[in-house]
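Listed here are the chains, written in short residue letters.
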Amino acid sequence: AREAEPALSSIVPKAGRRGAAKDVTLTGTLCIAGAKVGISGTGVTVTNVRVASGTQITATVNVSTAAARGVLQVSVTTTVGKSNTVSFTVRGRH
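Residues numbered from 1 in each chain as written. Predicted model: local features only at pLDDT ≥ 70, side-chain atom pairs only at ≥ 80, totals over all residues. Heavy atoms only, no water.

*Asks:* If you had to explain the overall build of the protein to someone new, which residues and values would you point to?
*Replies:* From N to C terminus, the protein includes zero helices and eight strands. Listing each helix as α and each strand as β along the protein from the N terminus yields β-β-β-β-β-β-β-β. On C-alpha atoms alone, the protein measures out to a radius of gyration of 13 Å, which is about the 12 Å that the 2.2 N^0.38 rule sets for 94 residues. Structurally, the protein occupies a C-alpha span of about 50 × 20 × 20 Å along its principal axes. The buried share of the protein, reckoned over its 94 residues, is 34%. A separation threshold of at least 6 residues defines the contact pool for the protein, and within that pool the share at least 24 residues apart is 57%. If you sum the accessible surface of the protein, you get close to 5,300 Å²; carbon and sulfur atoms cover 51% of it. (Helix = DSSP H or I, 4+ residues; strand = E, 2+ residues; numbered from the N terminus. Rg over C-alpha atoms; globule rule 2.2 N^0.38 Å. Buried < 20%, exposed > 50% of the residue type's maximum accessible area, 1.4 Å probe, protein only. Contact = heavy atoms within 4.5 Å. Areas by Shrake-Rupley, 256 points an atom, 1.4 Å probe, with all protein chains shown as cover.)

Below you can see the structure in the form of structure tokens.
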């Protein structure tokens, strides 16, 4: 039997401003050691990824001043597969 892929249900907070770093918590299932967090778009990176439990991952979303405003997609990848996505919105600096 094949193991289930990770699944995301939420990200909190759901938005961040350009030129800032935002600590986020991803909630879902099958959050396992070695999980990687990915985000769509340019000028945005994810660092400090830590699996807090089987249902939560904490990370820092770093939004550069050059990042375009809009909705980006966040996902988790493990050795089993890639999750669905949840939305993270990049807002202006003010």
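*Asks:* Hey, could you go over the sheet that holds strand E5 (residues 44–51) for me, with residue numbers and the actual values?
*Replies:* Taken together, four strands build an open sheet; the order of strands is E1-E3-E6-E5 and the sheet is antiparallel. Both edges of this open sheet fall to strand E1 (7–12) and E5, since each of them pairs with a single strand only. Here the average twist between neighbouring strands, direction ignored, is 30°. (Pairing = 2+ DSSP bridges. Axes fitted to C-alpha atoms, helices over the stretch in contact; angles between N-to-C directions.)

*Asks:* Give me the environment of isoleucine 32: which residues, what numbers.
*Replies:* Looking at the secondary structure, you find isoleucine 32 in the loop between strand E3 (20–29) and strand E4 (36–39). For the pair isoleucine 32 and valine 76, spaced 44 residues apart in sequence, the C-alpha to C-alpha distance is 10 Å. Excluding residues within four positions of it along the chain, isoleucine 32 makes contact with Val51, Thr78, Thr79 and Val80.

*Asks:* So what's going on with the sheet that holds strand E2 (residues 15–17)? Residues and values would help.
*Replies:* Pairing in this open sheet of four strands is mixed, and the strands run E2-E8-E7-E4 from one edge to the other. Each of the sheet's edge strands pairs with one partner strand only, and the pair in question is E2 and E4. Taken over all neighbouring pairs, the strand axes of this sheet differ in orientation by 30° on average, direction set aside. Here E2 runs beside strand E8 (residues 86–91); their pairing, made up of three bridges, is parallel. Among the inter-strand pairings, glycine 16 is bridged to a residue of E8, identified as valine 90.

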